[in-house]
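A structural walkthrough
Letter by letter, the chains look like this.
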Amino acid sequence: MPLFAYKALATNGSVTSGEIDAADRPEALRVLDRKGLQPVSLKETAAAATGKKTSGKAKADDSPKTKAEAKEDAIPDGPIKLKRQEVVLFTEELSDMLSAGLQLEPALKSMENRQELGNLKAVSFKIRQIVRDGVNFSVALKKVSPSFGPLYCSLAAAGEASGALDDILKRQAHYLKTLAELQARLILAMIYPAFLVLAGIGVSVVFVTVLIPQLTALIHSSGGKMPLGAAILISVSAFITKWWIVIVLVILASGIFFKAWKDNDANKPAWDRIKLQLPLVGPVITSRFYVQFLETMANLVGNGLPLLRALELSRDATQNRGLRGELDKVIAQVGDGRAFSKALIRNGSFPPLLIDMISVGEQTGKIDQSLRRAAERYDKELDKDLQRIMALIMPAVLIVMAGLIGTMAYLMITAIFQTISNLH
């Protein structure tokens, strides 16, 4: 078994050194971690004889289990799912520690030792173990938990490449909190419309199952002629009453088919382009893309990355394949030597205001500041778009429900008056 010589920091701050037997370097690192030692250097010195016991040396298999080993045994195998609030907490904690000057591994170690982090202790432990083996932080995120998502991991990779991981994580935490607040506001705003929809459905059921059959019997008993509107309403009621199971199954099948279609990798580019054309939703997606794209570019360029590399990383952090295709065209033109603003103009898909602000940054040599100002401007536009959607939800639901109930009530009242006039 290989023999490793180490020098490490103990928990009390003292420096200790020695040798350990381990199958490989990662195993040696884990042995040191179980002993509460932070390695400064670790080198393989020689191969220890199999079964040979060396006095004064720490054995990977001979030492009894410590608290660290027991904690490692308690870590669940496989990916760990996190709630959105836990992802936000992890991101905020880690960005604060990195901003304070800690390196990534000690920051993860500190989070691992915090008592109030709950499930994040296991995530921090597993990420730190993978990072210590020389794997990138963004790759470790993908391996440990699917809750971070492709966008999060892509932005983390961009932060690692630019040396601005703390800034990227801080902005991502802000984005996740904004998204959570938006969903909370949307749920709150949908309570009253949902109540109206349920009430409308209940009234419609009463019309179809009780009132319309009674109206039909009344008209037939009076020998009167059925009004056209009432006849249509009765026909629709009879059709729904007879075929409601088929209607429900068709709706469910359509939903399943649509989900399978949009989740197919071959159809995802088409679906992403369709989303950009949807009313109300399309402008929100586009504005969110501009904010994310400009903020990422500002951080990458501001930390010294070449423009072309920054564009490639920003493209990788873009989820919408339609927008990613537009960035591919811009990257190709910038790679051919064309200025960034000229490439955006030639592409034709980016707004003139954004291009003008980038052009000013190119002329002044402060493109990162121009990108950040543009991001702040489009962040305000995004907030306006979201407020506009929230303001339109209530009136739209009221209009639809008023139209539905009002139409049914009008037809019922018309038929009743027609029946009364036939009795005279």
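Residues numbered from 1 in each chain as written. Predicted model: local features only at pLDDT ≥ 70, side-chain atom pairs only at ≥ 80, totals over all residues. Heavy atoms only, no water.

**Focus: the overall build of the protein chain**
Scanning the protein chain for helices and strands turns up 16 helices and four strands. The buried share of the protein chain, taken over its 424 residues, is 38%. Sequence separation of at least 24 residues holds for 60% of the intrachain contacts in the protein chain that already meet a minimum separation of 6. Of the roughly 23500 Å² of accessible surface on the protein chain, a fraction of 61% belongs to carbon and sulfur atoms. (Helix = DSSP H or I, 4+ residues; strand = E, 2+ residues; numbered from the N terminus. Buried < 20%, exposed > 50% of the residue type's maximum accessible area, 1.4 Å probe, protein only. Contact = heavy atoms within 4.5 Å. Areas by Shrake-Rupley, 256 points an atom, 1.4 Å probe, with all protein chains shown as cover.)

**Description of the environment of Pro269**
With respect to the element layout, Pro269 can be found in helix α10 (residues 268-277). Separated by 54 residues in sequence, Pro269 and Leu323 have C-alpha atoms that sit 9.5 Å apart.

**Topic: the packing of aromatic side chains**
Per the counting criterion, the structure on display carries eight aromatic pairs. Ring plane angle 45° and centroid distance 5.0 Å describe the contact between Phe148 and Tyr152, whose orientation is recorded as tilted. With a centroid separation of 6.5 Å and 25° between ring planes, the pair formed by Phe258 and Trp261 is classed as stacked. Here Trp261 and Phe258 lie together in helix α9 (residues 228-263), a separation of three residues that amounts to about one turn. Owing to a relative accessible area of 28%, Trp261 belongs among the partly exposed residues under this scheme. Each member of the aromatic cluster is reached from another via a ring pair, and the members are Phe289, Tyr290, Phe293, Phe350 and Tyr378. (Phe/Tyr/Trp six-rings, centres within 6.5 Å; stacked < 30°, edge-to-face > 60°.)

**What to know about the packing of helix α4 (residues 104-113) against helix α5 (residues 120-132)**
Put simply, α4 and α5 touch, their axes get as near as 8 Å, and they point 155° apart. By the criterion of interaxial angle, the relationship of α4 to α5 is roughly antiparallel. When the axes of α4 and α5 are compared, the crossing they make is left-handed. Judged by residue contacts, Leu104, Glu105, Leu108, Lys109, Met111, Glu112 and Asn113 of α4 engage Lys121, Ser124, Phe125, Ile127, Arg128, Val131 and Arg132 from α5. Across the contact of α4 with α5, the residue classes tally to six nonpolar, two polar and six charged. (Axes fitted to C-alpha atoms, helices over the stretch in contact; angles between N-to-C directions. Parallel < 35°, antiparallel > 145°, perpendicular 65-115°, else oblique. Left-handed = near helix turned anticlockwise from the far one by under 90°. Nonpolar A, V, L, I, M, F, W, Y, C, P; charged D, E, K, R; others polar.)

**Quick notes on the pattern of salt bridges**
Under the definition given, this model contains twelve salt bridges. Here Glu105 ties to Arg128 by a salt bridge, and the two come within 4.0 Å at their closest N and O atoms. One end of the pair, Glu105, is in helix α4; the other, Arg128, is in helix α5, with 23 residues separating them in the sequence. Residue classification places Arg128 among the buried positions, given a relative accessible area of 1%. Lys262 is the partner of Asp263 in a salt bridge, and the nearest nitrogen-oxygen pair spans 3.4 Å. Given the relative accessible area of 25%, Lys262 is considered partly exposed. Salt bridges sharing partners connect three or more residues here, namely Glu105, Arg128 and Arg132. (Salt bridge = Lys/Arg side-chain N within 4 Å of Asp/Glu carboxyl O.)

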